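Coordinates in review
Residue-level listing of the chains:
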Amino acid sequence: MKKLHSTQRMSKTVIYNKTIYLCGQVGNAEDDIKAQTLTCLEKIQTLLEEVGSDKSKLLSMTVWVKDMADFAAMNEVYDAWFEGIEPPARACGESALARPELLVEMIAIAAE
């Protein structure tokens, strides 16, 4: 097992049995849902690339949105990001997030 970018509270990346687990990724608090969604996805891509993987190897995504009224706008960015590759399994739900200005959080699992 390998853990990267660890703090007292969590590790951003955990690799176990050739599976990569990422902690929840959020966007910039001052941005709208589309920009926060893109930032989440870009952070996921960066963390995956750091360990030799990429978005085509994503196995599962869990998406939490603060308000399901933002579901369509989030999906617009999400779908475009996966254009040309098969997307992972996904779950999406509405949830209160760690800070009120956060609109979306994404948790990813990928293959090495």
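First things first, this report covers the structure right here in the doc. (Residues numbered from 1 in each chain as written. Predicted model: local features only at pLDDT ≥ 70, side-chain atom pairs only at ≥ 80, totals over all residues. Heavy atoms only, no water.)

Moving on: the layout of surface pockets. Taken as a whole, the largest pocket holds about 240 Å³ of empty space. If you go around the largest pocket, the residues you meet are Met-10, Lys-12, Cys-23, Gly-24, Gln-25, Val-26, Lys-43, Ala-98, Arg-99, Leu-102 and Glu-105. Partitioned by chemical class, the residues of the lining of the largest pocket number 5 nonpolar, 2 polar and 4 charged. (1 Å grid on protein atoms, 1.4 Å probe; cavity = no way out; pocket = protein on both sides within 12 Å on 5 of 7 lines; lining within 4 Å. Points joined across faces, edges and corners; volume = space filled by probe spheres on them. Nonpolar A, V, L, I, M, F, W, Y, C, P; charged D, E, K, R; others polar.)

As a further point, take the nonpolar core. Counting residues in each nonpolar core, the largest one holds 25 residues, and the members touching the most others are Ile-44, Leu-58, Met-61, Met-74, Tyr-78, Val-104 and Met-106. Going through the elements one at a time, β3 (19-22), α1 (33-50), β5 (58-65), α2 (71-81) and β7 (104-111) are the ones with two or more residues in this core. By residue number, the principal contributor to this core is α1, which donates 6 residues. (Core = buried A, V, L, I, M, F, W, Y, C linked by side-chain atoms within 4.5 Å. Buried < 20%, exposed > 50% of the residue type's maximum accessible area, 1.4 Å probe, protein only. Helix = DSSP H or I, 4+ residues; strand = E, 2+ residues; numbered from the N terminus.)

The subject of this paragraph is the environment of Ala-35. Secondary-structure assignment places Ala-35 in helix α1. Residue Ala-35 is classed as partly exposed on the basis of its relative accessible area, which comes to 28%. Considering only alpha carbons, one finds Ala-35 and Leu-103, 68 residues apart in sequence, at a separation of 10.0 Å.

Limitation: the analysis is restricted to geometry and does not speak to function.
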